Every structure is written in C-alpha cells, then in structure tokens.
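Residue-level listing of the chains:
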Amino acid sequence: MDFIYNEHFIEHLSSDEGTKVLCECFRCLKVGGVLRIAAPDLGYVIHKYDTDWSDQDWLSWPGYEAINTKGKMINASFRWWGHKYLYDEDDLREQLARTGFTHIIRCSINESDYEDLRNLETRQDSTLIIEASKEDSSHKPITALPRTREPREDVVNQRQLATENTALLVRSYRVLTR
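*Asks:* Help me understand the overall build of the protein chain, please; the structure alone is not making it clear to me.
*Replies:* A count of helical and extended segments in the protein chain gives five helices and five strands. Starting at the N terminus and walking to the C terminus, you meet the elements of the protein chain as β-α-β-α-α-α-β-β-α-β. Counting over 178 residues, the protein chain shows a buried share of 43%. Across the protein chain, the fraction of contacts at a sequence separation of at least 24, relative to all contacts at a separation of at least 6, is 77%. Accessible surface for the protein chain amounts to roughly 9800 Å². Of this, 50% is attributable to carbon and sulfur atoms.

*Asks:* I'm lost on the packing of aromatic side chains in this one. Help?
*Replies:* Both the distance between ring centres and the angle between the ring planes are used here to describe each pair of aromatic rings. By the definition in use, this model includes nine aromatic pairs. With centroids separated by 5.2 Å and ring planes inclined at 90°, the aromatic side chains of Trp-58 and Trp-81 adopt a geometry described as edge-to-face. Linking Trp-58 in the loop between α2 (42-50) and α3 (70-79) with Trp-81 in the loop between α3 and α4 (89-98), this pair joins segments that are 23 residues apart in sequence. Three or more aromatic residues joined by ring pairs form one cluster here, namely Trp-58, Trp-61, Tyr-64, Trp-80 and Trp-81. Here Lys-70 stacks its cationic end above the ring of Tyr-49, 4.7 Å away from the centre of that ring. Its guanidinium or amino end placed over the ring of Phe-26, Lys-134 lies 4.9 Å from that ring's centre, counting from NZ or CZ.

*Asks:* Help me understand the state of the cysteines, please; the structure alone is not making it clear to me.
*Replies:* Joining two cysteines, a disulfide is a covalent bond between their sulfur atoms. For the structure shown, the criterion picks out zero disulfides. Cysteine Cys-25 remains unbridged, with the sulfur of Cys-28 as its closest cysteine sulfur at 6.9 Å.

*Asks:* Can you help me understand α3 in this one?
*Replies:* An α-helix turns once per 3.6 residues; consequently, residues spaced three or four apart project the same way. The complete set of buried residues in α3 reads Met-73, Ile-74, Ala-76 and Ser-77. Along the long axis of α3, the arc covered by the buried residues comes to 155°, so they all point the same way. Positive backbone phi, approximately 60°, marks Trp-81, located one or two places after α3.

Rules used in this analysis
Residues numbered from 1 in each chain as written. Predicted model: local features only at pLDDT ≥ 70, side-chain atom pairs only at ≥ 80, totals over all residues. Heavy atoms only, no water. Helix = DSSP H or I, 4+ residues; strand = E, 2+ residues; numbered from the N terminus. Buried < 20%, exposed > 50% of the residue type's maximum accessible area, 1.4 Å probe, protein only. Contact = heavy atoms within 4.5 Å. Areas by Shrake-Rupley, 256 points an atom, 1.4 Å probe, with all protein chains shown as cover. Phe/Tyr/Trp six-rings, centres within 6.5 Å; stacked < 30°, edge-to-face > 60°. Lys NZ or Arg CZ within 6 Å of the ring centre and 35° of its normal. Disulfide = S-S within 2.5 Å. Arc of directions from axis to C-beta.

Here is the structure:
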C-alpha cells in the first residue's frame, strides 16, 4: 500500500492496542509508503482547559449543552465517545518510531506534501495530524510495549482482542492506493 489514513481512530484504542495497529500499518505499507493519523491532541485539550475552554467547535454541536464547565469539557475529552488513550505529539512520535516509522512530521489540517493525503480531514478537532514513512523494509517493528496497565486475563483474550482490532482496522481505515 502507498498510503493509510485514519481520522479519530487511534484514541479509541489503549496504548498497547495502538501499538499493535501501528505495527500492522507498518507491515502493510510498501517501502516509501506513508501513514497519516489525524486525532485529538492531548496538548491542545490541556491548553484549552487552561485558556478559553469553551471556544471549541464540538461544544457547539447539538447535545453538548450540558458541558458548561472546563472540568466537564476535559472529562468528556478523556472519557466520552469510547476514548481510551489521548496522544500528544511527543507520545505519538515515540509510538511511531518504536514501530519502525521514520520521517515523522506534524502537518496542518488538510495539508500534505502528498496529493493523495490532502483535504482528507472532516473534523476541525483533528488537532494532532502526523505523517510517518516506512523507509526500511528490513526493520522488525516491536510487537509489544511494556505494560501500561494490568495484564490481560489470559492469552485467549489477547488473541480475541487482536482479531477484533484487526477487524476494526479493516472497517475503520480509509486506505488509499495508487
């Protein structure tokens, strides 16, 4: 594959699940291929908490009238919509590098050096946009990071989770090939 794109996906996975998905993206891309990730930015959420928290596009959407304090805003950012792990730029860069990606750059919304990756974002709250390249096919990406939470109950659950994540990846990713 030349390109893989996802928007508002990776934050719905735990850090360990995200690593597995990034490894799979690395495996699927051909040498020279690019992964573009658009997600909410933990740094931006914290900045908004400390400044004008109510000046955000999603807070004007119907159904969000009850979010009337910055505490409610930050808790919604972390806990609503199935979010499991919000990345900041440094954290996502580290995950990408550990899984084998290089040339990791932050991009502006809807902008890219690659025509096929321009004008893809559909949400203004895609405030963390990163492109990363697969430059070396001989790199063996990691398969797991040190645990960031308690171990899973058993291996069967790990296999089931991997199967579910792969199915979710297939359904949720918009894959662009030339």
